[in-house]
Amino acid sequence: KKGTTIEIIPINTFKTWMRYEQVAGKWEFKEQVPWCVQNAGWQYEETINGVPTRNDSVLNFFVLIADKLGELPHLLSFKRSSYYTGKKLSTHFQVCGMKKTPPAATTFKLGSTLTTVDKNSFWTFTIEKARESKKEEIAVAYDWWKQLSNSHAKIDQDEERTPF
């Protein structure tokens, strides 16, 4: 809900690109593409086969909602104006990797704020560390991490979904 916060437990992360094509002067979602070494250098805007294309880098995270441990994990995607908020969570994963601690060892407060740039207002994500996770939360997150890491299931990347 806009303007409120929820406490999340991070499980796993991956990076993708969201591609848009310009049609009749408007950007329309085309596809979501897994990030890899071969496409790491994609430009923000380019022309492909004569069609103006925009590439948004997206940081994705599987998370649990702390007070709903029995539910399936949720997928959070940070792009455009929320991308730098996602980098805070991405940095947490990197630090945990260096310290050899699970990302789920810390919970975060995920929220949103109304941002205005050049007289345009839109909602962006906010995130901040909340507390150390409980043992039960870490155990549930670890079980989900194992399932997600060993899964051949794919996320539906045929359409763009907006949480707001």
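For the structure, check the block above.
Residues numbered from 1 in each chain as written. Predicted model: local features only at pLDDT ≥ 70, side-chain atom pairs only at ≥ 80, totals over all residues. Heavy atoms only, no water.

> Report on the overall build of the chain, specifying residues and quantitative values.
Check the secondary structure of the chain and you find two helices and seven strands. In the chain, the succession of α and β elements from N to C terminus is β-β-β-β-β-α-β-β-α. Each of the three principal axes of the chain carries a C-alpha extent, and together these read 55 × 40 × 30 Å. When each of the 164 residues of the chain is scored for burial, the buried share is 34%. Of the contacts made within the chain by residues no fewer than 6 positions apart, 62% connect residues no fewer than 24 positions apart. Taken as a whole, the chain presents about 10600 Å² of accessible surface, with 52% of it coming from carbon and sulfur. Averaging the coordinates of the 23 positive side-chain charges in the chain and doing the same for the 19 negative ones gives two points 5 Å apart. (Helix = DSSP H or I, 4+ residues; strand = E, 2+ residues; numbered from the N terminus. Buried < 20%, exposed > 50% of the residue type's maximum accessible area, 1.4 Å probe, protein only. Contact = heavy atoms within 4.5 Å. Areas by Shrake-Rupley, 256 points an atom, 1.4 Å probe, with all protein chains shown as cover. Lys, Arg positive; Asp, Glu negative; His and termini not counted. Charge placed at Lys NZ, Arg CZ, Asp CG, Glu CD.)

> Hey, could you go over unusual backbone geometry for me, with residue numbers and the actual values?
Phi at alanine 24 is positive, roughly 50°, even though this residue is not glycine. Counting through the fold element by element, alanine 24 comes out in the loop between strand E1 (6–23) and strand E2 (26–34). A residue is classified by how much of its surface remains accessible, and alanine 24, at 81% relative accessible area, is exposed.

> Can you tell me about the pattern of salt bridges, naming the residues and giving the values?
In total, this model carries nine salt bridges according to the counting rule given. Put simply, aspartate 56 and arginine 80 hold a salt bridge, and the shortest N to O gap is 3.8 Å. Here arginine 80 lies in the loop between strand E5 (74–79) and helix H1 (83–99) and aspartate 56 lies in strand E4 (residues 51–65), a separation of 24 residues in the sequence. For aspartate 56, a relative accessible area of 2% corresponds to the buried category. (Salt bridge = Lys/Arg side-chain N within 4 Å of Asp/Glu carboxyl O.)

> Mind laying out the environment of proline 34, listing which residues take part and the relevant values?
In this fold, proline 34 is placed in strand E2. Between the alpha carbons of proline 34 and alanine 24 there is a distance of 27 Å; along the sequence they are ten residues apart.

> Run through helix H2 (residues 135–149), naming residues and quoting values.
For H2, with 15 residues, the first-to-last C-alpha span of 21 Å sits near the 21 Å given by 1.5 Å per residue. Along H2, the residues that are buried comprise Glu137, Ala141 and Trp144. Angular distribution of buried residues about the axis of H2 spans 60°; they occupy a single face of the element. Opposite the buried face of H2, by more than 90 degrees, sit the exposed residues Lys135 and Glu136. Of the surrounding elements, those touching the buried residues of H2 are E1, E4, strand E6 (106–117) and strand E7 (120–132). (Expected span 1.5 Å × (residues − 1). Arc of directions from axis to C-beta.)

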